[in-house]
Amino acid sequence: MPPSPAPYVRQRDEESGGGGGGSGRRASGDGDGSSGDRFDIPPKNASVERLRRWRQAVLVLNASRRFRYTLDLKKEEEKERIRSKIRAHAQVIRAAFLFKAAGERAISGIPALPKLPSGGFGIGEEQLTKITRDHDFSSLQEYGGVKGLSDLLNTNLDRGISGDDAEILHRRNIFGANTYPRKKGRSFWVFLWEACQDLTLVILMVAAVLSLVLGIKTEGIKEGWYDGGSIAFAVILVIVVTAISDYRQSLQFQNLNEEKRNIQLEVIRSGRRIKVSIFDLVVGDVVPLKIGDQVPADGVVITGHSLAIDESSMTGESKIVHKDQKAPFLMSGCKVADGYGDMLVRLNGVATLIGIVGLTVAAAVLNPDGSVQFIKGQTGTKTAINGAIKILTVAVTIVVVAVPEGLPLAVTLTLAYSMHKMMADKALVRRLSACETMGSATTICSDKTGTLTLNQMTVVEAYVGGRKIDPPDNAELLSSTASSLLIEGIAQNTTGSVFVLETGVVDVTGSPTEKAILSWGIELGMIFDDARSKSSIVHVFPFNSDKKRGGVAVYQGGDDIHVHWKGAAEIVLASCTSWLDADGFKQPLTSDKFSEFKKTIEDMAAASLRCIAFAYRLYELERVPNEEQRDSWQLPEDDLILLAIVGIKDPCRPGVKAAVDLCTRAGIKVRMVTGDNLRTAKAIALECGILTDANAQEPVIIEGKTFRTKTDAERDAIAEKITVMGRSSPSDKLLLVQALRKRDHVVAVTGDGTNDAPALHEADIGLSMGIQGTEVAKESSDIIILDDNFASVVKVVRWGRSVYANIQKFIQFQLTVNVAALIINVVAAVASGNVPLNAVQLLWVNLIMDTLGALALATEPPTDHLMDRTPVGRREPLITNIMWRNLIFQALYQVTVLLVLNFGGRSILHLKNDTQAHADKVKNTFIFNTFVLCQIFNEFNARKPDEWNVFSGVTTNRLFMVLIIEFLGKFTSTVRLNWKLWLVSIAIAIISWPLAFVGKLLPVPKMPFGEYFDRCFNYCGKRDDQQQQAGSVALPQVNGS
């Protein structure tokens, strides 16, 4: 007798499906270094070798701290080796336990495991642990199999546990929660210790200690501690600020990781399917599994239909394991590769199986004027050491300022800030760099269902018995034969379920398509549980995204079984040879009738309706394979009898048209890639604004099958022209992504199915759906769109462009400071041997750059202006011509003014009557004050590199440097300035605003400066080679003459 049916669910939308267990392949980077540009690194999935070359190219001191939030290549390789060892050891230990248990049974003849009651349950945690650890099928059988185990756990296999709070708490207390201890996050003191290990800061601390000791010894403790103390205070402040910043970022990343781990899944409690967090599962829960799900805990299969599990994450072997009553054990963390079924949670939680280059710059100014610093017999040892310490501190601080250490901090701050803010815009970032990459996207390949549409489906048209049923729920127009067959097909060939509440309200669960069909069946008079109890399921063919249909064989009695099919209307129709008329009699499907049905499908598709067809056939019971061979049995899919064609309406999301228009204005091409009928896809594309020409032809609109059959060269040629692809499979989406990337597009792809994983991996940015997306799709993606809304995708683009723009702003600001400070100190040191900006002052400048500048510019929110720009290409320089223009203008102005003040400050500031020491102090203080104010005013300019109004959006200001000048003079070697000098300082600094305005009037060439210089050098090199060749040719002629 065929097995009895059991409830199951598989929330997989008909559009994207999910047949095979494709876990997705990662696009391998071109690691052979054969490309023209040594550092032309793909934005995603680059090879380890290319990543290593990139790290070597970045000039950053103490890279281990600065690159804390990027991939550690050595650690990653070490982790993979450790994983392999752990997997091997786990298999050895498991095998040893199995041999030991088998030997004990053979020797002592132990009949069965003892049934030890535990808290009202017939089995304890130890027994569950032993069955789990050993995958002991014989022990499971001794307990009565899955049914016996469920009885011991007080679980009803059909209705689950009761689900009230008291029982959940009781089970959690007895068997534990579905959590396991995690490694604690690093404390603040660890970050403080890492910040202290910065080489430059260590050198400065040593210099500070020596200066402090010598100062106190020579000048006394009252005055001698100022120099060393000021350096030490500045260094400590830099360390504390860096540690606080890193610690806060660490907390943010921990919170985001918790969000990613908190998977929402369905469980059956009190006969009803409800969504709970993975952490709320308890032992005894019944969990429906579907394609793409992650197995949430260790368990056993209750019922399964073509259930295949990818256990590679646990065993290390990349093979798919089929699960049934003979191999029922499921391991937590594995993925469902195919099929669907129910599992019984039997164990959870802890019990489951689971910059030196910068120093050369400093060396050049250690003794720039060539004067002898130490004269034997004339210079005291203390004076010499003091002078050496002074030179060392200045040299090291020049390194601190010269090397843009603030850049990694600014990038991390920008990305962390945008990740936090993007959560509010319904986007969860899984890969940090995806924030910035999304801003460069040139094309978005989007799904239709749920992304561009509301995913709220209803049956609005129905054709049964060759005629239209109006309204579609009018059961009186159906013959009894058609009605019974339709209800049987709807009830059995589904992955949804129906639950009637005590109040009489009907609760329908499943994918949107399944819910629409089940709701239609209920309106036709279907009583779900009764319909399922009248027949039993013999075999299931899960919905397949390639075939676009799913089938089920059911037995109701007699010599035949019914094979029901449901899927894409034109595909199911093509397999039909007959149809059921209005009286319930079978009629041959003539060419005229076929054309009539096809016209019906086309008319519904043109009205933006998703078309689903129902068909069935009889099959002799004696031809059905036995249970052992049934797993490989292919359901017969020919000679079908057409029962019905329905049209399902899924309205466009409000705001999608505006979002698509915004993308078009921003230079981003939106393409629709859907599994729906091409006419339906075209109608929705016209409604959303993706397609503007109603008469568009191939290749603008194309079927996936047509695109798939073309050669690689043909696909590459037409890829950019494609706007709508209908009846596409996940492999078609992958081919389109590959073709677009070959054309230098930065591609973003949305996907929700297991088979979308390869395309999500291959794309520059993979966007999975948070509601309908499977766990496999989410793990393959870079960003999860929490509300499945295309408008949220556009918000991600906006944030991505903001990240890129903020990094550019900070680079412009920091390079201006670097260039100005370096030139001023180097020129002054070479000319006079003294520097106007001392060590402590340079440390304060570095503090401005590394923290305040990064915080101010990295946290700029996105503006509408960003969406008026074209996308940034793959090979466009980070520092644009506009940035070079602004940088050169500001740096030239600052260097000129401050050098004039350095060499002629005494006369300009009317300090000739003062003593030399006091005049130099006032002059240097004025230079420092002016320099700092220039940076503060220039920070406003950096906010809007290409806009006239640099003040838009400004809500805060910083005046902390005023406090430094006025009240910390002893520490920074400054003196109080009178109000006149303050006004002059401010006047000089404020000139940077009108100067920036004037600079923006100057046009810049479109060709990047770097490319222009490369061409010049290449031209000069070629000319020299030609002259050398000409000379070598002429030389024999001269000798011959």
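The numbers attached to residues start from 1 for each chain and follow its sequence in the written order. The model is predicted, so local features are restricted to residues of pLDDT at least 70 and side-chain atom pairs to those at 80 or more, both for listing and for counting; the totals for chains, interfaces and linings are taken over all residues. With hydrogens and water stripped out, all remaining heavy atoms of the structure feed into the side-chain values.

Residue Pro-471 follows Asp-470 across a cis peptide bond; omega there is -5°. On the secondary structure map, Pro-471 appears in the loop between β11 (467-468) and α16 (480-492). Across the junction of Glu-698 and Pro-699, the peptide omega takes the value 10°, indicating a cis bond. Numbering of helices and strands runs from the N terminus, with a helix taken as a DSSP run of H or I at least four residues long and a strand as a DSSP run of E at least two residues long. Among the structural elements, Pro-699 can be located in the loop between α23 (678-688) and β22 (701-703). The backbone of Asn-455 sits at a positive phi, close to 65°, despite the residue not being glycine. Of note, Asn-455 is situated in the loop between β9 (443-446) and β10 (458-464). You can call Asn-455 buried: its relative accessible area is 14%. Positive phi, normally seen in glycine, also occurs at Asp-744, with a value near 70°. Only protein chains enter the accessibility calculation, which uses a 1.4 Å probe. A residue is then buried if its area is under 20% of the maximum for its type, exposed if over 50%, and partly exposed in between. You can call Asp-744 partly exposed: its relative accessible area is 43%.

A rise of 1.5 Å per residue sets the reference length of helix α26 (residues 730-742), with its 13 residues, at 18 Å; its end C-alpha atoms lie 19 Å apart and thus fit the reference within 8%. Within α26, 10 of the 13 residues are buried, which leaves it mostly tucked inside the rest of the structure. Within the span of α26, buried status applies to Pro-730, Asp-732, Lys-733, Leu-734, Leu-736, Val-737, Gln-738, Ala-739, Leu-740 and Arg-741. A positive phi of about 70° marks Asp-744, the residue just after α26. In this analysis, the expected span of each helix is defined as 1.5 Å times one less than the number of residues it contains.

Turning to the packing of aromatic side chains, a few remarks are in order. Any aromatic ring pair is given by two values, namely how distant the centres are and how the planes are angled relative to each other. Pairing of aromatic side chains requires ring centres within 6.5 Å, counting the rings of Phe and Tyr and the six-membered ring of Trp. Pairs whose planes differ by under 30 degrees are stacked, by over 60 edge-to-face, and all others tilted. What the rule picks out here adds up to eight aromatic pairs. Ring geometry for Phe-188 and Tyr-247: centres 5.8 Å apart, planes at 75°, overall edge-to-face. One end of the pair, Phe-188, is in helix α8 (residues 188-196); the other, Tyr-247, is in helix α10 (residues 226-261), with 59 residues separating them in the sequence. Take Phe-188: its relative accessible area is 21%, and that puts it in the partly exposed class. Residue Tyr-247 is classed as partly exposed on the basis of its relative accessible area, which comes to 25%.

Next up on the list: the state of the cysteines. By convention in this document, the label disulfide applies to cysteine sulfur atom pairs within 2.5 Å. Per the stated rule, a full pass over the model turns up zero disulfides. Considering cysteine sulfurs only, Cys-688 is the nearest to Cys-652, which forms no disulfide, with 3.2 Å between them. Classification of Cys-688 as buried rests on a relative accessible area of 1%.

A cluster of nonpolar side chains, Leu-212, Ile-216, Ile-221 and Trp-225, forms an exposed patch at the surface whose accessible area comes to about 340 Å². Structurally, Ile-216 can be placed in helix α9 (residues 199-224). Since its relative accessible area comes to 32%, Ile-216 is described here as partly exposed. To count toward a patch, a residue needs a relative accessible area over 30% and no salt bridge; like charges are then connected within 9 Å, while nonpolar side chains (Val, Leu, Ile, Met, Phe, Trp, Tyr) are connected within 5 Å. Note on areas: these come from Shrake-Rupley sampling with a 1.4 Å probe, and a residue is covered only by the protein chains present in the view. What makes a salt bridge here is a side-chain nitrogen of Lys or Arg within 4 Å of a carboxyl oxygen of Asp or Glu, nothing more.

Looking now at the pattern of salt bridges. Following the criterion strictly, the structure yields 24 salt bridges and no others. Between Arg-269 and Asp-285 there is a salt bridge, with the nearest N and O atoms lying 2.7 Å from each other. Of this pair, Arg-269 sits in strand β1 (residues 264-269) while Asp-285 sits in the loop between β2 (272-277) and β3 (286-289), and the two are 16 residues apart along the sequence. Here Arg-269 matches Asp-285 in class, with each residue buried. For the salt bridge of Asp-507 with Arg-272, the shortest nitrogen-to-oxygen distance reads 3.0 Å. Judged by its relative accessible area of 19%, Asp-507 is buried. Overlapping salt bridges bring together Asp-447, Lys-733 and Asp-756 as one network.

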